[in-house]
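# Breakdown of the fold
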Amino acid sequence: IAADLEYAKQMAIGRGGFYSVVFDETNESYQILDQDGSVVAHPVKIGQSYSVDLTADSRTSSVDIVDVDFDSTSTVKFDCLGSPYNGSGTSLAVGEITLRAGDDEMTVSVEPVTGHISIQ
């Protein structure tokens, strides 16, 4: 997830537009969208959209998305400078995705202003 957030941020910087990552907690999935709101093509899986279903991959099937909080939205957007915004389009104040696998829990954070992505 951290790498995919970084990919969306780099796409926004490289292409000079907004790129978003939209999470769906209920379906344990997320997608990367371009500035037009279309799902981007996956850079490695030729011919496939950049949609990730955690339940469909044996490596992540036991991982649950516990909470997504981008200022109470499930979307983070990056602009041409890599700065993050929430799903409402305002500058991000809080950006966290909490994941759980068994007894282990981790949080992926997106820092306001810089868009720095970290894992705790």
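The structure we're discussing is the one just above.
All figures in this text were calculated on a predicted structure; none of them were measured in a lab.

With that out of the way, let us pick up the sheet that holds strand 4 (residues 64-70). What the four strands build is an open sheet, ordered 4-7-8-9; its pairing is antiparallel. Of all strands in the sheet, those bounded by a partner on one side alone are strand 4 and strand 9 (117-119). Here the strands of the sheet are splayed against their neighbours by 15° on average, with no regard to which way each runs. Two strands pair when backbone bridges link them, and strand 8 (residues 104-110) and strand 9 are joined in this way by three bridges, in the antiparallel orientation. Within strand 9, the position partnered with Val108 by the bridge is Ile119. Strands in contact with helix 1 (residues 2-15) are strand 7 (95-101), strand 8 and strand 9; relative to strand 9, the strand with the most contacts, it is inclined by about 180°.

Here the focus is the pairing of strand 5 (residues 75-78). Pairing analysis gives four bridges linking strand 1 (residues 19-24) to strand 5, with the strands arranged antiparallel. Residue Val22 lies in a different strand from strand 5, and its bridge partner there is Thr75. Strand direction decides the pairing type here: strand 5 and strand 6 (residues 84-86), joined by three bridges, are antiparallel. Pairing of Val76 across the sheet is with Asn86, part of strand 6. If you look at the hairpin formed by strand 5 and strand 6, you'll find five residues sitting between the two strands, and Gly82 has a positive phi there, around 85°.

A separate point is the pattern of salt bridges. Evaluated as defined, the whole model comprises three salt bridges. Note that Asp57 and Arg59 form a salt bridge whose closest N and O atoms lie 2.6 Å from each other. Given the relative accessible area of 23%, Asp57 is considered partly exposed.

Glancing now at the pairing of strand 8. The sheet contact formed by strand 7 and strand 8 spans six bridges and is antiparallel. Across the sheet, Arg100 pairs through a bridge with Glu105, a residue of strand 8. Linking strand 7 back to strand 8 in an antiparallel pair, the connection comprises two residues, with Gly102 at a positive phi of about 65°. Between strand 8 and strand 9, which follow one another and run antiparallel, lie six residues, and Val113 among them has a positive phi close to 65°.

Formed by 25 residues in total, the largest nonpolar core has its most connected members in Leu5, Phe23 and Ile97. Where this core is concerned, the elements lending two or more residues are helix 1, strand 1, strand 2 (29-33), strand 4, strand 5, strand 7 and strand 8. The leading source of residues in this core is helix 1, at five residues.

With respect to the helices and strands, Asp34 occurs in the loop between strand 2 and strand 3 (51-53). We note that Asp34 is buried and unpaired, the nearest opposite charge coming from Arg15 at a distance of 7.1 Å. Leave out the neighbours within four places in its chain, and Asp34 touches Phe18, Tyr19 and Val40.

About the thresholds
Residues numbered from 1 in each chain as written. Predicted model: local features only at pLDDT ≥ 70, side-chain atom pairs only at ≥ 80, totals over all residues. Heavy atoms only, no water. Pairing = 2+ DSSP bridges. Helix = DSSP H or I, 4+ residues; strand = E, 2+ residues; numbered from the N terminus. Axes fitted to C-alpha atoms, helices over the stretch in contact; angles between N-to-C directions. Contact = heavy atoms within 4.5 Å. Salt bridge = Lys/Arg side-chain N within 4 Å of Asp/Glu carboxyl O. Buried < 20%, exposed > 50% of the residue type's maximum accessible area, 1.4 Å probe, protein only. Core = buried A, V, L, I, M, F, W, Y, C linked by side-chain atoms within 4.5 Å. Lys, Arg positive; Asp, Glu negative; His and termini not counted.

Such coordinate-based values are descriptive only and should not be taken to indicate function.
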